[in-house]
Amino acid sequence: MDYGGFVYMLASGKHGTLYVGVTARFAERIYEHREHLMDSFTARHKVTRLVWYEQHATIELAIAREKQIKHWKRDWKINRIEIDNPHWDDLAVGLFGYQPTGIRHPREGGGP
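The structure displayed is predicted, hence computed values, not measured ones.

Enquirer: Give a detailed account of the nonpolar core, specifying residues and quantitative values.
Expert: Counting residues in hydrophobic clusters, the biggest one holds 13 residues, and the most contacted among them are I81 and W88. Contributing elements (two or more residues each) for this core: strand 1 (5-11), strand 2 (18-23), strand 3 (49-56), helix 3 (59-70) and helix 4 (74-84). Here this core gets three residues from one element, more than from any other, and that element is strand 1. In this view, I81 contacts M9, L18, V51, W52, P86 and W88; residues no more than four positions away in its chain are not counted. Core analysis: the next-biggest nonpolar cluster, separate from the first, contains nine residues, Y8, L10, I30 and A92 among them.

As structure tokens, this is what we get:
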């Protein structure tokens, strides 16, 4: 079954490092990020918390939206997250039943 495409944002913690991605395999891709299955930006920077996503009818539409969001200023991305997810909850917990990831503010240092 074709579910189109998903654009998503991951964060290392509230107002921490952000990552914008796109995929047609949403659950599998989020799992790969959370488990650090690839040597990637998200693994190196511990960016594993799903904080925002959109579903699109086709992967082509999702790719176009991802490119648009990647050009946004950081403040715009943070604002977009906080419209739907003001507490920066880990949305993968409810969507996929994953265990919550730790959340920290970038000035707290240390911790998960």
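This is not the end of the story, as more comes after the structure.
Enquirer: Please give an account of the sheet that holds strand 1 that cites residues and values.
Expert: Hydrogen bonding along the main chain pairs the strands of a sheet, whether they run parallel or antiparallel. Taken in spatial order, the three strands of this open sheet run 2-1-3, and their pairing is antiparallel. The sheet is open, and its two borders are formed by strand 2 and strand 3, each paired with just one other strand. Across the sheet, the axes of successive neighbouring strands diverge by a mean angle of 15 degrees, strand direction being ignored. Strand direction decides the pairing type here: strand 1 and strand 3, joined by seven bridges, are antiparallel. Its bridge partner lying in strand 3, L10 is registered against L50. Running at roughly 25 degrees to strand 1, helix 1 (residues 26-34) makes contact with strand 1, strand 2 and strand 3 of the sheet. Against the sheet, helix 4 contacts strand 1, strand 2 and strand 3, and its axis sits at roughly 70 degrees relative to strand 2.

Cut-offs applied
- Residues numbered from 1 in each chain as written.
- Predicted model: local features only at pLDDT ≥ 70, side-chain atom pairs only at ≥ 80, totals over all residues.
- Heavy atoms only, no water.
- Core = buried A, V, L, I, M, F, W, Y, C linked by side-chain atoms within 4.5 Å.
- Buried < 20%, exposed > 50% of the residue type's maximum accessible area, 1.4 Å probe, protein only.
- Helix = DSSP H or I, 4+ residues; strand = E, 2+ residues; numbered from the N terminus.
- Contact = heavy atoms within 4.5 Å.
- Pairing = 2+ DSSP bridges.
- Axes fitted to C-alpha atoms, helices over the stretch in contact; angles between N-to-C directions.

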